[in-house]
Amino acid sequence: VGCGSGKFLKELRWQKNHEGQLVGVDIARGGFNILESTNYVQASIYALPFSNSFFEAVTALHMLSHVPDTESAMKEIKRVLRPNGVFLATANSIFSYPHVAEYRERVFTAFKWGKPIFTTSTSNLENLEEKLSPFWSDVKVRKVEGELSIPVGVFADYFMANIPVWSRQPSG
């Protein structure tokens with residue numbers, strides 16, 4: 001869920017030789033370059049259009065910070081996840097990406113959307129275990145040390161793909 005441009009799905013297919021079915025789900029439709037061998041579904045995390053126990057694994061990579069209602073989202077993920085399935089979530093540190101707040105402020109000002117919510121303050125590395133523990137019996141948080149370097153073009157694609165989602169967020 002929250003597949004964004006589909007880069008992780010591409011990595012699974014090409015670099016890791018994943019041969020099973022891949023499904024990308026995101027609320028926004030735009031800026032996506034999904035593999036032909038991957039199904040793309042535009043849907044909300046609160047209403048996933050899949051039957052119960054449909055998936056062996058569900059990922060939420062750097063997207064929980066965009067989800068205001070964690071409880072409803074986790075219930076929906078659990079519904080579509082098979083018993084003993086795997087849920088993998090990633091989150092940035094609260095100390096990551098201070099420049100993103102500045103960029104978002106500029107976008108919100110330009111489009112007169114009010115004050116943006118800096119999403120990393122809602123779900124982050126520091127509070128991920130606390131946020132997920134009520135819903136999952138075995139939560140493990142691993143911190144990856146080092147600096148993440150994202151090429152400008154890749155970051156610009158991500159940033160532009162998220163603008164439609166941000167425009168629907170309540171202003172802070």
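Since the structure is predicted, the reported quantities are computational estimates derived from the model, not experimental observations.

**Student:** Residue-level account of the pattern of salt bridges, with values.
**Tutor:** According to the stated counting rule, one finds four salt bridges in the structure shown. The residue Glu71 makes a salt bridge to Lys75 at a minimum N-O spacing of 3.2 Å. Placement of the pair is Glu71 and Lys75 together in helix H2 (residues 70–80), with a separation of four residues, close to one helical turn. Relative accessible area serves as the criterion here: at 53%, Lys75 is assigned to the exposed category. Linking Glu76 and Arg79 is a salt bridge whose minimum nitrogen-to-oxygen distance equals 2.8 Å. Residue Glu76 and its partner Arg79 are located together in helix H2, separated by three residues, close to a single helical turn. The exposure class assigned to Glu76 is buried, which follows from its relative accessible area of 11%.

**Student:** So what's going on with helix H1 (residues 7–14)? Which residues, and what values?
**Tutor:** Of the residues making up H1, those classed as buried are Leu9, Lys10 and Arg13. Along the axis of H1, the buried positions cluster into a sector of 100 degrees, meaning they face one direction only.

**Student:** A description of the confidence of the model for the chain should follow, citing residues and the corresponding values.
**Tutor:** Counting all residues, the mean pLDDT for the chain is 80, and 76% of those residues have values of 70 or more. Least confident of the elements in the chain is helix H5 (residues 152–166), whose mean pLDDT is 66; most confident is H2, at 95.

**Student:** So what's going on with the nonpolar core? Residues and values would help.
**Tutor:** One finds Val1, Met74, Phe87, Leu132 and Trp136 to be the most contacted residues of the largest nonpolar core, which totals 26 residues. Every element with two or more residues in this core is listed here: strand S1 (22–26), strand S3 (55–61), H2, strand S4 (81–90) and helix H4 (128–132). Ranked by the residues each element gives to this core, the list is headed by H2, at four residues.

**Student:** Quick one: what's the story with the environment of Ala28, residue by residue and with numbers?
**Tutor:** Looking at the element boundaries, Ala28 is found in the loop between S1 and strand S2 (38–42). Overall, the relative accessible area of 3% leaves Ala28 in the buried class. In this structure, the C-alpha to C-alpha distance between Ala28 and Ser44, residues 16 residues apart in sequence, is 8.9 Å.

**Student:** Residues and numbers for H2, please.
**Tutor:** Residues three or four positions apart in an α-helix share a direction because the helix packs 3.6 residues into each turn. Within the sequence span of H2, burial applies to Thr70, Ala73, Met74, Glu76, Ile77 and Val80. Along the axis of H2, the buried residues cluster in a sector spanning 160 degrees; they form a single face. Where H2 is buried, its residues meet S3, S4 and H4.

**Student:** Let's hear about the pairing of S4: which residues, and what values?
**Tutor:** In the sheet, S3 pairs with S4 via six bridges, with the strands oriented parallel. When the bridges of S4 are listed, Ala57 appears paired with Val86. With respect to chirality, the unit in which S3 leads through H2 into the neighbouring parallel S4 is right-handed.

**Student:** An account of the side chain of Ser123 is needed here, citing residue identities and associated values.
**Tutor:** With respect to the helices and strands, Ser123 occurs in the loop between helix H3 (98–110) and H4. Classification of Ser123 by relative accessible area gives buried; the value is 4%. At 3.5 Å, the side chain of Ser123 forms a polar contact with the backbone oxygen of Leu64. Polar side-chain contacts of Ser123 include one of 3.5 Å to the side chain of Lys131. Apart from residues lying up to four places away in sequence, Ser123 is in contact with Leu64, Ser65, Ala91 and Lys131.

The rules we used
- Residues numbered from 1 in each chain as written.
- Predicted model: local features only at pLDDT ≥ 70, side-chain atom pairs only at ≥ 80, totals over all residues.
- Heavy atoms only, no water.
- Salt bridge = Lys/Arg side-chain N within 4 Å of Asp/Glu carboxyl O.
- Helix = DSSP H or I, 4+ residues; strand = E, 2+ residues; numbered from the N terminus.
- Buried < 20%, exposed > 50% of the residue type's maximum accessible area, 1.4 Å probe, protein only.
- Arc of directions from axis to C-beta.
- pLDDT = per-residue confidence, 0-100.
- Core = buried A, V, L, I, M, F, W, Y, C linked by side-chain atoms within 4.5 Å.
- Contact = heavy atoms within 4.5 Å.
- Pairing = 2+ DSSP bridges.
- Right-handed = clockwise from strand over helix to strand, strands pointing away.
- Polar contact = N/O pair within 3.5 Å; in protein donor to acceptor, adjacent residues only side chain to side chain.

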